[in-house]
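Report on the structure
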Amino acid sequence: MINELIESYCELHTSKECELLYRLNRDTHIKMLNPRMISGQLQGKFLSLISKMLKPEKILEIGTFTGYSTLCLAEGLTANGELHTIEIDEEIETIIIKYFNLSEHKEKLHLHIGNALSIVPLLKKNWDLVFIDGEKTEYLQYYEMVLPWVKKGGYILVDNLLWHGKVIEKVEENDSDTHAILVFNDFVQNDIRVDNILLPVRDGLMLIEKL
Ligand SMILES: C[S@@+](CC[C@H](N)C(=O)[O-])C[C@H]1O[C@@H](n2cnc3c(N)ncnc32)[C@H](O)[C@@H]1O
């Protein structure tokens, strides 16, 4: 949610996508109804570099969509690492599987089709890194569900927390997404269990460390 010209300038000064991510990005824009949900080059590179810095062994992602952010996050996994990603829309499964199979990290990727609210409690793993990018009205539930399973010193990244700038505008009473995001941002800000920073990357990305 930054000025479009600034965002373009940032993109021009951010490493380009690899061939596989470029093709997935293109395929997503051709085939999907709402392609803007994809992380894309700028945020994707951010996720990839964060993952490479942390070298996580276990990553959880809520909201796979076509798998672009999954492939970016996978770039930092350790040799024995695993990434579990959850997507509720079974119609996207074919495109996700197609690109996962083309990835050098395919053995480490575990796709779960279904509702994250039911699947997360079944996974019972200690996460080094979690990426929350599912249904906005469920963000607080995901957060409360995963936080006990995040290792001390582990991180949670949460997307879309500026919500196209709506967080600083007058909110319509029936705008449940914006209300949920405002509640989420305030909740984390006051949560003594974590340290957090809201970054104006694309639509607002919060980086949260579990203390
Ligand atoms: C913004 S998109 C994810 C984009 C993707 N992470 C990326 O960066 O390219 C959100 C996705 O979350 C999925 N979703 C919504 N609610 C969900 C839930 N309860 N469990 C699992 N996935 C969910 C949607 O179907 C959608 O594909």
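Coordinates for the structure precede this section.
Fair warning: this is a prediction, and the values are worked out from it, not measured in the lab.

A few words on the pairing of strand 4 (residues 127-132). Most of strand 4 is tucked away, with six of its six residues classed as buried. In this structure, strand 1 (residues 58-62) lies alongside strand 4, joined through four bridges in parallel fashion. Looking across to strand 4, one finds that Leu 60 is bridged to Val 130. Sheet analysis places strand 4 next to strand 5 (residues 150-158), joined by five bridges and oriented parallel. Note on strand 5: the bridge partner recorded for Trp 127 is Val 150. On the question of chirality, the crossover connecting strand 4 to the parallel strand 5 by way of helix 7 (residues 139-146) is right-handed.

A few words on the site of the ligand. The environment of the ligand is formed by 19 residues, the closest being Ser 39, Gly 63, Phe 65, Ser 69 and Ala 116. Every element with two or more residues in the shell around the ligand is listed here: helix 4 (68-74), strand 2 (82-87) and helix 6 (116-123). The residue inventory of the shell around the ligand, partitioned by class, reads nine nonpolar, five polar and five charged.

Before going further, it helps to examine the pairing of strand 1. By the criterion of burial, strand 1 is predominantly enclosed, with five of the five residues buried. Here strand 1 shows no split at all, with Lys 58, Leu 60 and Ile 62 on one side and Ile 59 and Glu 61 on the other all buried. Regarding the hand of the β-α-β motif, the stretch spanning strand 1, helix 4 and strand 2 is right-handed.

What follows is about helix 8 (residues 176-189). For helix 8, with 14 residues, the first-to-last C-alpha span of 20 Å sits near the 20 Å given by 1.5 Å per residue. Among the residues making up helix 8, those that are buried are Ile 181, Phe 184, Asn 185 and Val 188. Viewed end-on, helix 8 has its buried residues packed into an arc of 95 degrees, placing them on one side of the element. Facing away from the buried side of helix 8, by more than 90 degrees, are the exposed residues Ser 176 and Asp 186. Residues of helix 8 that are buried sit in contact with helix 7, strand 6 (194-199) and strand 7 (205-210).

About the thresholds
- Residues numbered from 1 in each chain as written.
- Predicted model: local features only at pLDDT ≥ 70, side-chain atom pairs only at ≥ 80, totals over all residues.
- Buried ≥ 20, exposed ≤ 12 C-beta atoms within 10 Å, placed from the backbone.
- Helix = DSSP H or I, 4+ residues; strand = E, 2+ residues; numbered from the N terminus.
- Pairing = 2+ DSSP bridges.
- Right-handed = clockwise from strand over helix to strand, strands pointing away.
- Near = placed C-beta within 6 Å.
- Nonpolar A, V, L, I, M, F, W, Y, C, P; charged D, E, K, R; others polar.
- Expected span 1.5 Å × (residues − 1).
- Arc of directions from axis to C-beta.
- Contact = placed C-beta atoms within 7 Å.

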